[in-house]
Amino acid sequence: METWLEFARGPLFRLCFAIMLLGLARIFFLDILGAYKAYRKAGDKTMPWKLIFSRSMEWIFPVKRVAHNRPVYSILSILFHVGLLIVPIFLYAHVKLWETSIGISWITLPYDWAYWLTISTIVFGIALLIGRLLNKSSSFLSRKQDFLWPILLLIPFVTGFLCAHLNVTPNSYRFFMLMHVLSADIIFILIPFTKIAHCVLMPLSQVVCTIAWKFPPNTDEDICKTLNKKGAPV
Amino acid sequence: MRTSIITDEERNKAFESLRKPEVIEKQKLNVRYHIEDFDVNDRTRRFLEAFAAILKHSNYKMALDHFIRMSAKCSRCAATCQVYQATGDVKDIPCYRSELLLSVYRRHFTMGGLLKGRLLGSGYLTDEKLREMAESFWNCTACRRCVLECPSGIDHGLITHLGRYILSEIGISPRALVVSTREQLEGATKNTSAIPVPALMDTLGFLEEEMLEEKSVNIKFPIDVEGAEYVFFPAVSDFIMEAETLMGIAAVFTATGDSWTTGTGYFDGINYGLFYSDRILERVVKKVDEETRRLNGKNILIGECGHASRSAKYFVPAYCNGEKAPPVINIMEYTYKVWKEGKLKLNPDIVKEKVAYHDPCNVARQRWIINQPREILKSFCMNYVEMSPNGENNICCGGGGGTVSIDEIRPYRTTIGGKLKADQIRKSGCEILIAPCANCKKQLKELVEDQGIECEVMGLHDLIYKAIVFDDSLIVQKENESETLKEKE
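Overview of the structure.

What counts, and where the lines are drawn
Residues numbered from 1 in each chain as written. Chains lettered and ligands numbered in written order. Predicted model: local features only at pLDDT ≥ 70, side-chain atom pairs only at ≥ 80, totals over all residues. Heavy atoms only, no water. Helix = DSSP H or I, 4+ residues; strand = E, 2+ residues; numbered from the N terminus. Buried < 20%, exposed > 50% of the residue type's maximum accessible area, 1.4 Å probe, protein only. Contact = heavy atoms within 4.5 Å. Core = buried A, V, L, I, M, F, W, Y, C linked by side-chain atoms within 4.5 Å. Pairing = 2+ DSSP bridges. Right-handed = clockwise from strand over helix to strand, strands pointing away. Axes fitted to C-alpha atoms, helices over the stretch in contact; angles between N-to-C directions. Expected span 1.5 Å × (residues − 1). Arc of directions from axis to C-beta.

Remarks on the side chain of A:Asp220
When you line up the elements, A:Asp220 lands in helix H12 (residues 219–226). When its relative accessible area of 16% is taken as the criterion, A:Asp220 is described as buried. Among residues more than four places away in sequence, those in contact with A:Asp220 are B:Arg279, B:Glu282 and B:Arg283.

Notes on the nonpolar core
Residue and element names in this part refer to chain B. Among the nonpolar cores identified, the biggest contains 177 residues, and Phe47, Phe51, Leu377, Phe380 and Leu463 are the most heavily contacted of them. Filtering out sequence-adjacent residues up to four positions away, leucine 463 remains in contact with Val351, Val355, Leu377, Phe380, Cys381, Ile432, Ile434 and Met458. Ranked by size, the runner-up nonpolar core spans 20 residues in total, among them Ala356, Cys361, Leu433 and Val448.

As for the pairing of strand S3 (residues 299–302) of chain B
All names here are of chain B. Residues Asn299 and Leu301 line one face of S3 and the alternating positions Ile300 and Ile302 line the opposite face, and both faces are buried. Across four bridges, strand S1 (residues 230–233) lies against S3 in parallel orientation. In the sheet register, phenylalanine 232 faces S3, and the bridge partner there is leucine 301. Inspection of the sheet shows S3 paired to strand S4 (residues 328–330) by three bridges, in the parallel sense. Across the sheet, residue leucine 301 finds its bridge partner in S4, namely isoleucine 329. As for the winding sense of the linkage, the β-α-β connection from S3 through helix H18 (residues 306–319) to S4 is right-handed.

Let's talk about the sheet that holds S4(B)
Residues and elements named next belong to chain B. Taken together, four strands build an open sheet; the order of strands is S2-S1-S3-S4 and the sheet is parallel. Either end of the sheet is taken by a strand with one partner, and the two such strands are strand S2 (260–261) and S4. In this sheet, S2 lies alongside S1 in parallel orientation, the contact comprising two bridges. Of the residues in S2, the one forming a bridge with tyrosine 230 is tryptophan 260.

Things to note about the sheet that holds strand S8 (residues 432–434) of chain B
Residue and element names in this part refer to chain B. Strand order across the open sheet formed by four strands is S7-S6-S8-S9, with parallel pairing between neighbours. With one partner strand each, in any of the chains shown, strand S7 (384–385) and strand S9 (456–458) form the two edges of the open sheet. Across three bridges, strand S6 (residues 355–357) lies against S8 in parallel orientation. Note that in S8 the partner of tyrosine 357 across the bridge is isoleucine 434. Contacting S6, S7 and S8, helix H21 (residues 371–380) runs over the sheet at an angle of about 170 degrees to S6. Contacts from helix H25 (residues 460–467) reach S6, S8 and S9 within the one sheet, and its direction differs from that of S9 by about 95 degrees.

What to know about helix H3 (residues 49–60) of chain A
Each full turn of the α-helix corresponds to 3.6 residues, which orients residues three or four apart in the same direction. With 12 residues, H3(A) should reach 16 Å at 1.5 Å per residue; the first-to-last C-alpha distance of 16 Å fits that figure. For H3(A), every residue scored as buried is listed here: A:Leu51, A:Ile52, A:Arg55, A:Ser56, A:Glu58 and A:Trp59. The arc that holds the buried residues of H3(A), viewed along the axis, is 155 degrees, so those residues lie on one side. Residues A:Trp49, A:Lys50 and A:Phe53 are exposed on H3(A) and point more than 90 degrees away from its buried face. Residues of H3(A) that are buried in the fold lie against helix H11 (205–212) of chain A together with helix H5 (76–80) and helix H10 (145–149) of chain B.

Next up, the structure:
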């Protein structure tokens, strides 16, 4: 168990974290590169930056968009994201680990905040899963990964909470800690290859959609030639 | 928003044939329709080839690469889609519709999809799927309300647009749109309503006489004027069906004195390419630009038509030399400008009815024209009411995306596509509904008729024509009046 734990917290963690960072960087830059190439090809070069910026902000801080469309689910989702992002990054235990490994540290959450944020994230996560299962349109649309992701994301929270707050035998502690780290490793590997990639791609959505509507000129002839339709009537 | 699903009775009415079988029999002549040969062989291969060709020569690839990774499958789009709200059928959810095309892209055009497909031997494109796509993409009115609600920012309207484009390359498009466009691009009359130039001149002459009779002002439709400030392109159906709108526009120009003209070389703002094919979109936009340059016009002025305005505004710069292209203005922008400058006077005592304003999707969704017509209306309509939601979040008339031109699906449009809009109009209790879009007007007129709503649908300039006040210097003394004055003296 101990060697497994050392492996999961050490080399495996480094590998998975690297895959996540490199994978996200890859799709982020490919997205921007694709948008830039499309912009170069486009006939209309005007960009409504104000509209793009205001819409992007509206979605990154989605306070306006919540009220009239599935308000309960939307609010739960926002609160879930808050805990999901803040706890792993600002938890004292995690920051200490970063400090011992790379020497950099940053502000940490007070104990009570971490406690309640973790519990609320778990509760909201379960609520979201139930919301997805019970809503007719959501459950029809959802693929397997859409049901599995809330469960997977909650495992590190539950196991981490158990390790931090429960009095258990050392073996149990090591087991939960191993589950904690392994589940986190799996999450890291899967992030760049699934919908969780939205964490880096979402801010680019408005730019991508705006450029996508800027069609390149003179494609009529090229397409006709490619499809062997030159001179065909309408 | 709650789903209000249609009843079985409404559903049956929507999908039954418009005409009784006996009537159809009587209408069968020896040669009624020319049936064109269309190829049904190898459709799936041709679909993928067309898809590949389009991806190569367009900007869609980067958007699709972005969308395939993003969807959270949250179904927020379902709550705003008026088609889903009316049918309650899960296959009408915008995200599901987009997934039809995105799954094909993922499987055939991404490395991961190709490997997975080969490994599992799955995901091959079938004729059934093509049929489902064709049905689904044309159920959508392309109003793009779903785009505003998607937290991942996926543009379902763009995906529907692309899906229709690819289908058109393999010969699957609504007959009504293709036939009109054929006349517009290759026919003798060069417009979608097949109006020959002499008929146009007759119509305009008649309208000028009407306006002199009604307003005692010489209101003219200038033709082929070189170097005019504005070259006018209405939805050409306005010349047949919406005379009051044209009269209102001509009246505004007479009041302001600005120079404008209609060109006999080309006078149709309609662009069905926006609905079914980018290649056609380009070809039609170029005709608008060509006519403007022929007349040395300074600006392209589009009449009261949503899709014509959008095709011109966003695609004239795209296809006609970017910054050097002539600026495109919608008539409502022009009227708002001159009204603000005080050049347009409107009598506030004429319109007593309850007036509401319908935002056409194509001008409101991108926040282009929302407040301008409202400010004008509020200044001379004392009983103005606001429908809600409106503006950027407006509800589609139900006939968008070219579906209004397909007469055969009128029951579908008025009982399903337009159901939410009908409920909204009924709730507002308005007696006059302003719909400054030729397609919306047609759809809303059919909608209020089929749904039994007491409401008159008209354009913004129809109402302006009723209330416009001309300067005294423009008023023409009629012959009878001057004789009477002479007698009195």
